[in-house]
Amino acid sequence: MSIDTETAARVAKLARIKVEPADLPALASEFNTILGFIEQLNEVDVEGVEPMTGVTPMRLKRREDVVTDGNQQKAVLANAPDAREGFFAVPKVVE
Amino acid sequence: MLDLTYEAPKPKVIQGAKHDWELVIGLEVHAQVASRAKLFSGASTQFGAEPNSNVAFVDAGMPGMLPVINEGCVALAVKTGLGLKAKINLVSAFDRKNYFYPDLPQGYQISQLYHPIVGEGEVLVDMAPGIARLVRIERIHLEQDAGKSIHDMDPNMSFVDLNRTGVALMEIVSRPDIRGPEEAAAYVGKLRQIMRYLGTCDGNMQNGNLRADVNVSVCRPGDYEKYQETQDFSHLGTRCEIKNMNSMRFIQQAIEVEARRQIAILEDGGTVVQETRLYDPDKGETRSMRSKEEAHDYRYFPCPDLLPLEIEQDFVDGIAAGLPELPDEKKARFVLDYGMTEYDAGVLTADVENAVYFEEVARGRDGKLAANWVINELFGRLKKDEKTIGESPVSPQQLGGIIELIGKGDISGKIAKDLFEIVYVEGGDPAEIVESRGMRQVTDTGAIEAAVDQIIADNPAQVEKAKVNPKLAGWFVGQVMKATGGKANPAAVNQIVAAKLGL
């Protein structure tokens, strides 16, 4: 698999990362290096091997269904560039 | 056996300009889990709170915050799966679905694409007594809801409330087994009914706690059967997905409108493009959501913040042991135990609250009579006042009391209706009201005979006519009932009138 500059531009756009057109070839080349490494890993036969999800034998931590958080409108909105009447205010987004 | 037998309904056929078409429909229903706290945070799920007050830092996507799963949500999803006779997956896992929108502060939704918690199940969708569609469920997965954007508070800004962000949803995905708009609405209705019985989702569509994405395609008669034989989708038409509908009526309208749009394209020699569309109820049309198309590249990957969700068979068995009687079983049992029609059983089991109310009325009493009274008198009266069963001024004990009085012959059916109205408006114990207001039925034949004699004596002309035309006996019965204020036992009156007139 090979990443061209067009694909690099698309990935950047989906991730909302601004990349100058001049930087795209270098970015595409970096992607290709990473994917090349992964292709190398793909050569290992893992047939029948359980995917490893962690290095310590842990069970997913759970909570009880109890309300323990919230009621902190001010803190939640503290970093918002704009907030009005308890809402985040953002540039208009309409379908 | 408790099972009611049924036949599959005929698929809806739409006549195009050139030939007939059939519909193929599959739904993705998003049901809000009826938990107290959110799926991955301890913030409340309560509807209608101050904006951004039910928000933990996890929900707001603050850096460094980690999700911790709510075991209650897991249990409710498992319960829903069991209620839909589905396979429960003891190992499931969470993935990130990446997209940008102001009401999704994390920049991704945690969902279960590859390993959902619930696998294949089925739902029987009743269309009419004896007619039902078996709809296969493909999967149910747990995921986070997004926040709410409000666009009409300011001309230049959208306002975002994160109270709903992170609330647990069950996405219930059906196979394309639904064959008409009415079936689609009935399917959503049946899921809602089952989840309300289970207590896993309140089903409130107005608040958005139950919404549906509908996949619609059209095909020529005979094509669907080929798909059924082979499970090969190439026999079916290209589908479009209509997003986010929260009313049964709109679901039906949108399917109808979308099917006709596709038929017009196909008959014109064009091709249907697979895309996401939005239904506009004001204009009665669906339109393309072009902006969604690019966002469809969600770049799913396993969520690195969460280990796989492993549950034990004991946990599942414990939930299975606590399952309530479900609508299909309850309906079949009502038909069997109380001798009522399937239609009446359907009405009484439509909502779990109705069923509970009815059974309290019927306990130890005449079940058929109880069914009649609950359906005809009580539901009719509540509907008139736009009240729910939970708001009924007449308790099951009071209605049961009225039915007992009828059963004992203390009051006639007609008086019972008056009594019901008194209990409904004023309250009180039915038996006491009958005593204190002298509503008891006159079964004393001596008193009835006296009344009949009086009427006969007063109306010699009518008596002569009745001898020729025995149907006129009814007139005498009516007069006697009137004279006794409706309290005479009608059966006794009939008998005595007939005897005295020599009929």
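Criteria and cut-off values
- Once a new chain begins, its residue numbering starts again from 1 and follows that chain's sequence as written.
- To label them, take the chains in the order written and letter them from A, then take the ligands in the order written and number them from 1.
- Whole-chain, interface and lining totals are the exception, using all residues; otherwise, since this is a predicted model, local features are given only for residues with pLDDT of at least 70 and side-chain atom pairs are given and counted only at 80 or more.
- Side-chain numbers here rest on the full set of heavy atoms in the structure, without hydrogens or water.
- Here a helix means four or more residues in a row that DSSP labels H or I, a strand means two or more in a row labelled E, and each is numbered from the N terminus.
- In this scheme, a helix's expected span is set at 1.5 Å multiplied by one less than its residue total.
- By definition, a residue's bend is the angle between the axes fitted to the seven residues ending there and the seven starting there.
- We call a residue buried when its accessible area falls under 20% of the maximum for its residue type, exposed when it is over 50%, and partly exposed in between, using a 1.4 Å probe and counting protein chains only.
- Pairs of residues are marked as contacts when any of their non-hydrogen atoms sit within 4.5 Å.
- Think of a polar contact as two N or O atoms within 3.5 Å of one another; within protein, one of them needs to be a possible hydrogen donor and the other a possible acceptor, and neighboring residues in sequence only count if both atoms come from side chains.
- Throughout the structure description, domain borders are defined by an automatic or database domain assignment.
- Residue types Ala, Val, Leu, Ile, Met, Phe, Trp, Tyr and Cys, when buried and joined through side-chain atoms within 4.5 Å, form a set referred to as a nonpolar core.
- Accessible surface is computed with a 1.4 Å probe, and the buried area is the amount of it that two parts give up when combined, taken over both parts together.
- Whenever Lys or Arg places a side-chain nitrogen within 4 Å of a carboxyl oxygen from Asp or Glu, that contact is recorded as a salt bridge.
- Lining residues are those with an atom within 4 Å of a point, where the points come from a 1 Å grid over the protein atoms alone and group into cavities, where a 1.4 Å probe fits but cannot get out, or pockets, open sets with protein on both sides within 12 Å along at least five of seven lines.
- Grid points are joined across faces, edges and corners, and a volume is the space filled by probe spheres set on the points.
- Ten residues, namely Ala, Val, Leu, Ile, Met, Phe, Trp, Tyr, Cys and Pro, are considered nonpolar, four, namely Asp, Glu, Lys and Arg, are considered charged, and the remaining ones, Gly among them, are considered polar.

**Notes on helix α10 (residues 367-384) of chain B**
Residue and element names in this part refer to chain B.
Alright, step 1. Its 18 residues place the ends of α10 24 Å apart at the C-alpha level, agreeing with the 26 Å of an ideal helix rising 1.5 Å per residue.
Alright, step 2. At V374, α10 is deflected by roughly 30 degrees, the largest bend along its length.
Alright, step 3. Burial in α10 covers these residues: G367, A370, A371, W373, V374, I375, L378, F379, R381 and L382.
Alright, step 4. Looking at the buried residues of α10, the elements they touch are α7 (327-338), α8 (342-349), α9 (352-362), α11 (396-407) and α12 (413-426).
Alright, step 5. The opening residue of α10 is D366, an N-cap whose side-chain oxygen sits 3.1 Å from the backbone nitrogen of K368.
Alright, step 6. A positive backbone phi angle near 50 degrees is found at E386, which sits one or two residues after α10.

**Focus: the domain arrangement of chain B**
Interfaces are frequently sized by the accessible area removed from exposure as the parts join.
Alright, step 1. The domains assigned to chain B are domain 1 (17-320), domain 2 (325-436) and domain 3 (445-501).
Alright, step 2. For domain 2 of chain B and domain 3 of chain B, the distance between their C-alpha centres works out to 32 Å.

**Description of the nonpolar core**
All names here are of chain B.
Alright, step 1. Among the nonpolar cores identified, the biggest contains 103 residues, and L27, Y187, F358, L378, L399 and I402 are the most heavily contacted of them.
Alright, step 2. Viewed by domain, this core spans two of them, domain 1 (17-320) and domain 2 (325-436), each represented by three or more residues.
Alright, step 3. Ignoring anything within four residues of it in the chain, the contact list for L399 reads Y357, V361, W373, V374, L378, V394 and F420.
Alright, step 4. By size, the runner-up hydrophobic cluster in this structure holds 17 residues, among which are A451, I455, M481 and V497.

**Overview of the interface of chain A and chain B**
Alright, step 1. Facing the 39 residues of chain A at the interface are 51 residues of chain B.
Alright, step 2. Both faces combined, the contact of chain A with chain B buries some 4100 Å², and carbon together with sulfur accounts for 56% of it.
Alright, step 3. One can count four salt bridges joining chain A with chain B.
Alright, step 4. Of the charged contacts, one joins R62 of chain A and E71 of chain B as a salt bridge, the two residues approaching to 3.7 Å between their closest N and O atoms.
Alright, step 5. Across the contact surface, chain A and chain B share 24 residue pairs in polar contact (both at pLDDT 80 or more).
Alright, step 6. Put simply, the parts of the chain that give the side of chain A that touches chain B at least two residues each are α1 (5-14), β1 (62-63), α3 (73-77) and β3 (87-91) of chain A.

**Describing the layout of surface pockets**
Alright, step 1. Taken as a whole, the second largest pocket spans an internal volume of roughly 640 Å³.
Alright, step 2. T53 of chain A together with A93, L306, L307 and P308 of chain B are, among the 24 residues lining the second largest pocket, the residues nearest its centre.
Alright, step 3. Taken together, the residues that form the lining of the second largest pocket break down as 17 nonpolar, two polar and five charged.

**Some details on empty space enclosed by the protein**
Residue and element names in this part refer to chain B.
Alright, step 1. Overall, the coordinates contain three cavities of 30 Å³ or more when judged by the stated rule.
Alright, step 2. Mapped onto the lining of the largest cavity, the elements with two or more residues apiece are β7 (121-128), α2 (181-198) and α7.
Alright, step 3. Taken together, the residues of the lining of the largest cavity break down into six nonpolar, one polar and five charged.
Alright, step 4. Shared between two domains, the lining of the largest cavity takes at least three residues from each, and those domains are domain 1 (17-320) and domain 2 (325-436).

**Considering the pattern of salt bridges**
Alright, step 1. This model, assessed by the stated rule, comprises 43 salt bridges over all chains.
Alright, step 2. Between R84 of chain A and D82 of chain A there is a salt bridge, with the nearest N and O atoms lying 3.1 Å from each other.
Alright, step 3. Here R277 of chain B ties to E275 of chain B by a salt bridge, and the two come within 2.5 Å at their closest N and O atoms. Of the two residues examined, R277 of chain B and E275 of chain B, each falls in the buried class.
Alright, step 4. Salt bridges linked by common partners bring D126, K190, D328, K331 and E342 of chain B together as one network.

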